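# Examination of the molecular architecture
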Amino acid sequence: MKRKAEEVIEDDSDVEMHNLASLGTALIEAIFEGQQESALIDLIAASPLWYQEEVEGMSCLHAAAYMQNPGLIRLLIEKGATWNATDKFGNTAGDIALSFNDTECYTIIRDAGLRQELLLNLLSSRSKQERVEGVLNLQAKDTTEIGDTEKYLKSKLRFKTDEHGQEICTVQSGTREVGVMMGWERDIMEKTVARLTEGHPASRNFKILNIGFGLGIIDSMFESLSPPPSLHVIVEAHPDVLANMRSKGWYDRPQSATTSRFSFFNGLGATNSLFHDVYTRVAELHLADIGLDIQWSDVEVKDDPNMDKWGGTQKYFSVPLYRLPVASLRGT
């Protein structure tokens, strides 16, 4: 009898999932048929808006983006559609809107992401244990060497040159070799130095504070300024990086404060253009809270078809435009 009861429960569960999938599929098909939001109200209310069909991973929000229907996108988001769901090609509904140069639909989806992230930040600041019903949070605790600070600091880093002559620093995380810093970032660093220093009132007496040495690309560029910084502080915690710095003579240079402008490597959500945009704007709001104004410059991240700039390691940046930040104290 017990076995039969279990089978009934499993069958009921299967039937429920089948019904939900049928409703989700019907909604996606109705959207592609061009039905407007007024005709879809009842179907939207009955359907699981999180549902993604099995072939391409299409969601109702993806379908609305394909149809370039801003009113329907607003309605779906209002009813709980997931702004950051990706299909099997890694595209969000926002990416679909971008592919059509549909700025109106893209902005609606991006702003929904902003509102949700700010809400999550607010709630987590009040209680780390609080859960938000109806909100899909794709973040998970990463306990590997690339997500856990303590494990990272105990890991063994490899400094090497790949077959293209590119200097890279990697860490082994399980079976994956993951880039910590790569030579392809040099162009981004050059533009960062230029944006930080050009027209600066203290151009004859720069004082540099850099958090994280990596391969030393940007620190070497700062030292190449004419005149070089009068004070150059580097904060680095990984023992392998410190050993590499010592071997290259950085310990023999006058060290040590701060500057009225600062920047950071903006790798926020950098595996997807929509995520990069949302988390860049969230960062801007957080910086404004502590009295910093920020300006962004778009830097094209060029790909050489004849060169694997990742050297076979896992990618950590895959969007075509890097948003370069330069911040300063408000009123300076």
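Our subject is the structure listed above.
Given the structure is predicted, the values throughout are model-derived calculations rather than measurements.

### A look at the overall build of the protein chain
Secondary structure assignment for the protein chain yields 11 helices and eight strands. The burial tally for the protein chain puts 41% of its 332 residues in the buried class. Just so you have it, the protein chain exposes about 19000 Å², and 52% of that area is on carbon and sulfur atoms.

### Focus on the nonpolar core
Ile 31, Ile 44, Cys 60, Ile 73, Leu 76 and Trp 83 are the most contacted members of the largest nonpolar core, which has 35 residues in total. When residues of this core are traced back to their parent elements, those giving at least two are helix 1 (2-32), helix 2 (37-46), helix 3 (60-66), helix 4 (70-78), helix 5 (93-99), helix 6 (103-126) and helix 11 (273-289). If one sorts the elements of this core by residue count, helix 6 sits on top with six residues. When neighbours within four sequence positions are excluded, Cys 60 is seen to be in contact with Leu 27, Ile 28, Ile 31, Leu 49, Tyr 51, Leu 76 and Ala 81. One finds Leu 157, Met 182, Val 193 and Leu 215 within the second-largest nonpolar core, a separate group that totals 33 residues.

### Quick look at empty space enclosed by the protein
Considered as a void within the structure, the largest cavity measures approximately 30 Å³ in volume. Around the largest cavity sit Leu 49, Trp 50, Gln 52, Ser 59, Cys 60, Leu 61, Ala 81, Thr 82 and Ala 85, which together line it. Across the lining of the largest cavity, the residue classes tally to six nonpolar, three polar and no charged.

### So, the packing of aromatic side chains
The geometry of an aromatic ring pair comes down to the distance between the two centres and the angle between the two planes. Counted by the stated rule, this structure contains five aromatic pairs. A centroid spacing of 6.1 Å and a plane angle of 45° characterise the contact between Phe 32 and Tyr 66, whose relative ring orientation is tilted. Here the residue Phe 32 occupies a position in helix 1, and Tyr 66 occupies one in helix 3, the gap between them amounting to 34 residues. Taking the centre distance of 5.8 Å and the plane angle of 85° together, the rings of Trp 83 and Phe 275 count as edge-to-face. Residue Phe 275 is classed as buried on the basis of its relative accessible area, which comes to 14%.

### With respect to the packing of helix 2 against helix 4
Where helix 2 contacts helix 4, the axes come no closer than 11 Å and their chain directions differ by 25°. Accordingly, the angle class assigned to the pair helix 2 and helix 4 is roughly parallel. The element helix 2 and its partner helix 4 pack so that their crossing is right-handed. Facing helix 2, whose interface residues are Glu 37, Leu 40, Ile 41 and Ile 44, helix 4 presents Gly 71, Leu 72, Leu 75 and Leu 76. Partitioned by chemical class, the residues of the contact of helix 2 with helix 4 number six nonpolar, one polar and one charged.

### Re helix 11
Spanning 17 residues, helix 11 covers 25 Å between terminal C-alpha atoms, matching the ideal 24 Å at 1.5 Å per step. For helix 11, the set of buried residues is Leu 274, Phe 275, His 276, Asp 277, Val 278, Tyr 279, Thr 280, Val 282, Ala 283 and Leu 287. With a side-chain oxygen positioned 2.9 Å from the backbone nitrogen of Leu 274, the residue opening helix 11 is Asn 272. A positive backbone phi angle near 85° is found at Gly 291, which sits one or two residues after helix 11.

### A closer look at the pattern of salt bridges
Across all of its chains, the model carries 10 salt bridges by this definition. Between Glu 150 and Lys 154 there is a salt bridge, and its shortest N-O distance comes to 3.3 Å. Here Glu 150 and its partner Lys 154 are both found in helix 7 (residues 149-154), four residues apart, which amounts to about one turn of the helix. Between Arg 281 and Asp 277 there is a salt bridge, with its nearest N and O atoms 2.7 Å apart. Highlighted residues: Arg 281 and Asp 277, both in helix 11, separated by four residues, approximately one helical turn. Taking relative accessible area as the criterion, Arg 281 reaches 30% and is therefore assigned partly exposed. You can call Asp 277 buried: its relative accessible area is 10%. One connected set of salt bridges, linked through shared partners, spans Arg 110, Asp 111, Asp 277 and Arg 281.

### Description of the sheet that holds strand 1 (residues 157-161)
Sheet architecture is open: three strands sit in the order 1-2-3, paired in antiparallel fashion. The open sheet has two edge strands, strand 1 and strand 3 (176-182), and neither has a second partner. In this sheet, adjacent strand axes meet at a mean angle of 35° when their direction is disregarded. Direction of pairing for strand 2 (residues 167-173) relative to strand 3: antiparallel, over a ladder of six bridges. Residue Gln 172 lies in a different strand from strand 3, and its bridge partner there is Glu 177.

### A short note on the environment of Ile 188
One can find Ile 188 in helix 8 (residues 186-197). Expressed as a C-alpha distance, the spacing of Ile 188 and Ile 218, which sit 30 residues apart in the sequence, is 9.3 Å. Contacts of Ile 188, omitting those with residues within four sequence positions, involve Val 299, Val 301, Tyr 322 and Leu 324.

Rules behind the numbers
- Residues numbered from 1 in each chain as written.
- Predicted model: local features only at pLDDT ≥ 70, side-chain atom pairs only at ≥ 80, totals over all residues.
- Heavy atoms only, no water.
- Helix = DSSP H or I, 4+ residues; strand = E, 2+ residues; numbered from the N terminus.
- Buried < 20%, exposed > 50% of the residue type's maximum accessible area, 1.4 Å probe, protein only.
- Areas by Shrake-Rupley, 256 points an atom, 1.4 Å probe, with all protein chains shown as cover.
- Core = buried A, V, L, I, M, F, W, Y, C linked by side-chain atoms within 4.5 Å.
- Contact = heavy atoms within 4.5 Å.
- 1 Å grid on protein atoms, 1.4 Å probe; cavity = no way out; pocket = protein on both sides within 12 Å on 5 of 7 lines; lining within 4 Å.
- Points joined across faces, edges and corners; volume = space filled by probe spheres on them.
- Nonpolar A, V, L, I, M, F, W, Y, C, P; charged D, E, K, R; others polar.
- Phe/Tyr/Trp six-rings, centres within 6.5 Å; stacked < 30°, edge-to-face > 60°.
- Axes fitted to C-alpha atoms, helices over the stretch in contact; angles between N-to-C directions.
- Parallel < 35°, antiparallel > 145°, perpendicular 65-115°, else oblique.
- Left-handed = near helix turned anticlockwise from the far one by under 90°.
- Expected span 1.5 Å × (residues − 1).
- Polar contact = N/O pair within 3.5 Å; in protein donor to acceptor, adjacent residues only side chain to side chain.
- Salt bridge = Lys/Arg side-chain N within 4 Å of Asp/Glu carboxyl O.
- Pairing = 2+ DSSP bridges.

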